[in-house]
Amino acid sequence: MRKLWYNISKELLILVRDLPGLAILFFMPLLLIIVVTLTQNNAFQSVSGANINILFVDHDKSNMGALIKESLVASEEINLIDQYNNKSLTDSLISVLVAEGKFKAGVIISENTTNEAELKIISGLRKLVEGEEGIEEVVNIEGVQLLFDPVINGVVKISILNAVKMATKGAESGLMTKVLFNQLSEVIVTDDSVSLIILETLQQIEISDIPQQIVEVNDRYSGDSSKTIKPSITQNNVPAFSLFAMFFIVIPLAGSLIAEKNEGTYDRIRTLPVSYLNILMGKTLAYLLVCFMQFMLMVLVGIFVFPALLGLPALEMGDQYLAIFIATIFSALSAIGFGLLVGTYSSTHNQAAMFGAILVVIMAALGGIFMPVYMMPENLKIVSNLSPLRWGIDTYLDIFVRGAGLVYIWKNLLLLLGFFGVSLVIAAKRFG
Amino acid sequence: MQNNKPAIVISNLRKKYNGNDTDTLKGIDLVINQGEFYGILGPNAAGKTTLISIICGLLKINNGQVLIGRQETQETKRNIQAVIGLVPQEIALYPSLTVRENMEYFGQMHAIYGKRLTERIEQLLYQLQLNQHADKRINQCSGGIKRRTNLAAGMIHQPQILILDEPTVGVDAQSRNLIFEYLTELNQEGTTILYTTHYLSEAEELCSLISIIDDGIIVENGTPKSLIGKHKGCNDLGDVFLKITGKALRE
Ligand SMILES: Nc1ncnc2c1ncn2[C@@H]1O[C@H](COP(=O)(O)OP(=O)(O)OP(=O)(O)O)[C@@H](O)[C@H]1O
Ligand SMILES: [Mg+2]
């Protein structure tokens, strides 16, 4: 134990002696999250070619429901799902599935949507034709409910919202045509051709004069509304990019292993009565401290600098402090494990820096840091399960955006810890 | 201080590096008694560092046996670590740590702590005249200081057997003399020393026994005097070496 302590001190001393290196380690990640968040906050690229699964349940069981469904099915970006595990969907099941991120969005067409929309149209029509106040306004149309996963990319969210709004508008038009036709046929039952002419005329008016929106589209984030965390770009980016930055520890850590190999201290160490595992644990704990401080710094920037200086939403910590702490430690350990592996298998600093850095970027991409995993092709989704960054990012997003606690994230935590354990054993075996 | 108890016994040692076609060590037999100042003399690539690494348990062997005292180096690495001190050919120190910090760290790894460690470091700093440089970082030290610190780090735990791999490369005459005096004193106090070099004068001046190694084989053994005497017409070790190996040793 005492030797471990001195191994940690040695590593920390070496780190502190390289002040520029340490500054880079702490400040480059900050630059990264600031720039990325600022650019993403303003970017509205179109999301084309993406195929997003959306849950769909139709309680209306009438024209509106059918028309909206038809139009969403026709949309290229969206796949409608109306069953889960061979069971038909309920509102509460949709709410849970979306809140947990199993699906990115859910559409619920409320009961009587068609009936009430018809009433609304007729009332509007009366107003128009007879110039009177007509029947009182229909209230309490729940209309189309659109639920979103709190962890949704802003661009994707907007494109889904637009698609559902378009589909609803289209369905309204269709319904309106039908209502008009029915109303007319009550008046003029005799001649179809005449009624058609009138119908066409009326349709011209309808577009501009009948209330713009008959059926409302209500969108909200799915989940427990008592939890206070509001999804935002900050809430998504700060944890994800903190993790990304954490993995860059691979470069100094691998560097310290390689330096020992190349400078001959490694051979000297092997003549000492101390196990190599002890040396590696010394490195692990020293760099763990660095990772943790790095993370704290990112969090502080998210809380204070983002809103104050950059006009971005502030980071909210929620109340899952223990989960955040453990997730950070375990993520840092897996980053360190990765560093040990790279350091073990590279023979020069350049190799380690290039190999390590590029692999971190690849793992981050697979982890969904640049493009959300649910938008990836199926094969890539499977591969992404192998990326420790994916485990870490999922864990952080679960905590920071969904407000999840340890019960929900333990599987990913085990993967992170397991990865560290395996890396440590490989490094110790290979060296020892 | 020599006695006839063996400190290091090597028999029929063969070593081939992975990827090489031929053996680097081709059957080495060597006995080094306790208290000896033993020189291994050989040109570049003779296999000196390889031999030393094997004695210290850093490399696996292909054939033969290496004993430290009665311990098999390949199996009981732990037990010999306390007995042996290695001063590697390379400067094996942390460049960003100071002379003192390096000594402290290696001492701590030998489970020497606290006052005992401080005293031992002060002693070594004094003996190797490193006092003035104790708080300089290694990467700011001259070659001679690095060499002496390298030496100090290898013997912080007062090993019974000190193994030095060309410890005087790149040091000036003054530093070299300092190291020689120190090693001689150490040897007189009972430490067994194994010393490799390709400098003839060093071997002649320091060592009680010499083995000449060339191309992985020990080609000649004996005291410096006996070696010169044995080979008629040779005036010094250089002549002996040339005669045996057909190569001139760089001096
Ligand atoms: N890790 C290795 N892999 C393959 N070959 C090696 C390795 N280390 C040393 N050798 C080879 O073994 C031979 C002996 O090397 P060694 O370092 O033992 O020589 P040396 O006597 O110490 O030389 P020098 O005086 O230059 O230090 C050389 O030909 C060298 O190329
Ligand atoms: Mg050598």
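Quantities reported herein were computed from a predicted structural model and do not represent experimental measurements. (Residues numbered from 1 in each chain as written. Chains lettered and ligands numbered in written order. Predicted model: local features only at pLDDT ≥ 70, side-chain atom pairs only at ≥ 80, totals over all residues. Heavy atoms only, no water.)

### What about the pairing of strand 7 (residues 161-165) of chain B?
Residue and element names in this part refer to chain B.
Part 1: Buried residues dominate strand 7, accounting for five of its five residues.
Part 2: With burial as the criterion, each face of strand 7 is covered, one bearing Ile 161, Ile 163 and Asp 165 and the other bearing Leu 162 and Leu 164.
Part 3: Pairing between strand 6 (residues 84-87) and strand 7: four bridges, direction parallel. In the strand pairing of strand 7, Val 87 is matched with Leu 164.
Part 4: Inspection of the sheet shows strand 7 paired to strand 8 (residues 192-197) by five bridges, in the parallel sense. Bridging from a neighbouring strand, Leu 162 pairs with Ile 193 of strand 8. (Buried < 20%, exposed > 50% of the residue type's maximum accessible area, 1.4 Å probe, protein only. Helix = DSSP H or I, 4+ residues; strand = E, 2+ residues; numbered from the N terminus. Pairing = 2+ DSSP bridges.)

### Quick word on the site of ligand 1
Residues and elements named next belong to chain B.
Part 1: If you check the shell around ligand 1, you find 13 residues, and the closest are Asn 44, Ala 45, Lys 48, Thr 49 and Thr 50.
Part 2: Asn 44 places a side-chain nitrogen or oxygen 2.9 Å from an oxygen atom of ligand 1.
Part 3: For ligand 1, whose unbound accessible area comes to 640 Å², protein coverage reaches 62%.
Part 4: Considered class by class, the residues forming the shell around ligand 1 number four nonpolar, seven polar and two charged. (Near = heavy atom within 4 Å. Polar contact = N/O pair within 3.5 Å; in protein donor to acceptor, adjacent residues only side chain to side chain. Areas by Shrake-Rupley, 256 points an atom, 1.4 Å probe, with all protein chains shown as cover. Nonpolar A, V, L, I, M, F, W, Y, C, P; charged D, E, K, R; others polar.)

### Comments concerning the coordination of the magnesium ion (ligand 2)
Residues and elements named next belong to chain B.
Part 1: Binding of the magnesium ion (ligand 2) to the protein goes through Thr 49 (OG1) and Gln 89 (OE1), at separations of 1.8 to 2.1 Å. Pair noted here: Thr 49 is in helix 1 (residues 48-55) and Gln 89 is in the loop between strand 6 and helix 3 (99-109), with a separation of 40 residues, a long-range link.
Part 2: A relative accessible area of 34% places Thr 49 in the partly exposed class.
Part 3: Residue classification places Gln 89 among the partly exposed positions, given a relative accessible area of 27%. (Donors = N, O, S within 2.8 Å, 3.2 Å for Na, K, Ca; no water.)

### With respect to the sheet that holds strand 6 (residues 144-148) of chain A
All names here are of chain A.
Part 1: Read from one edge to the other, the open sheet built from five strands follows the order 2-1-5-6-7, with strand pairing classed as mixed. Each edge of the open sheet is held by one strand with a lone partner, namely strand 2 (78-81) and strand 7 (217-221). Strand-to-strand twist in this sheet, taken as the mean axis angle between neighbours without regard to direction, amounts to 25°.
Part 2: As defined by bridge partners, strand 1 (residues 52-58) adjoins strand 5 (residues 105-109) across five bridges and the pair is classed as parallel. Residue pairing for strand 5: Val 57 is matched across the bridge by Ile 108.
Part 3: Sitting on the sheet, helix 3 (residues 63-74) is in contact with strand 1, strand 2, strand 5 and strand 6, with an inclination near 170° to strand 1. (Axes fitted to C-alpha atoms, helices over the stretch in contact; angles between N-to-C directions. Contact = heavy atoms within 4.5 Å.)

### Some thoughts on unusual backbone geometry
Residues and elements named next belong to chain B.
Part 1: The phi angle at Gln 158 is positive, at roughly 50°, despite the residue not being glycine.
Part 2: Tracing the backbone shows Gln 158 in the loop between helix 5 (143-154) and strand 7.
Part 3: Classification of Gln 158 as exposed rests on a relative accessible area of 52%.
Part 4: Its identity is not glycine, yet Asp 215 carries a phi of approximately 55°, on the positive side.
Part 5: In this fold, Asp 215 is placed in the loop between strand 9 (209-214) and strand 10 (217-222).
Part 6: The exposure class of Asp 215 is partly exposed, given its relative accessible area of 46%.

### Notes on the confidence of the model for chain B
Part 1: Of the residues in chain B, 93% have a pLDDT of 70 or more, and the chain-wide mean is 88.
Part 2: Of the two predicted TM-score estimates for the complex, the pTM is 0.78 and the ipTM is 0.86. (pLDDT = per-residue confidence, 0-100.)

### What to know about the pattern of salt bridges
A side chain of one charge can pair with a side chain of the opposite charge if their charged atoms are brought near each other.
Residue and element names in this part refer to chain A.
Part 1: Evaluated as defined, the whole model comprises 22 salt bridges over all chains.
Part 2: For Lys 283, the salt bridge goes to Glu 11, with nearest N and O atoms at 2.7 Å. Highlighted residues: Lys 283 in helix 11 (residues 276-310) and Glu 11 in helix 1 (residues 2-17), separated in sequence by 272 residues. The exposure classification of Lys 283 matches that of Glu 11, with both residues buried.
Part 3: Close ionic contact of Asp 394 with Arg 390 constitutes a salt bridge, the shortest N to O distance being 3.0 Å. Of this pair, Asp 394 and Arg 390 both sit in helix 15 (residues 388-400), four residues apart, which is roughly one turn of that helix.
Part 4: Classification of Asp 394 by relative accessible area gives partly exposed; the value is 23%.
Part 5: With relative accessibility at 15%, the residue Arg 390 sits in the buried group.
Part 6: It is possible to trace a salt-bridge network through shared partners that takes in Lys 10, Glu 11, Glu 260 and Lys 283. (Salt bridge = Lys/Arg side-chain N within 4 Å of Asp/Glu carboxyl O.)

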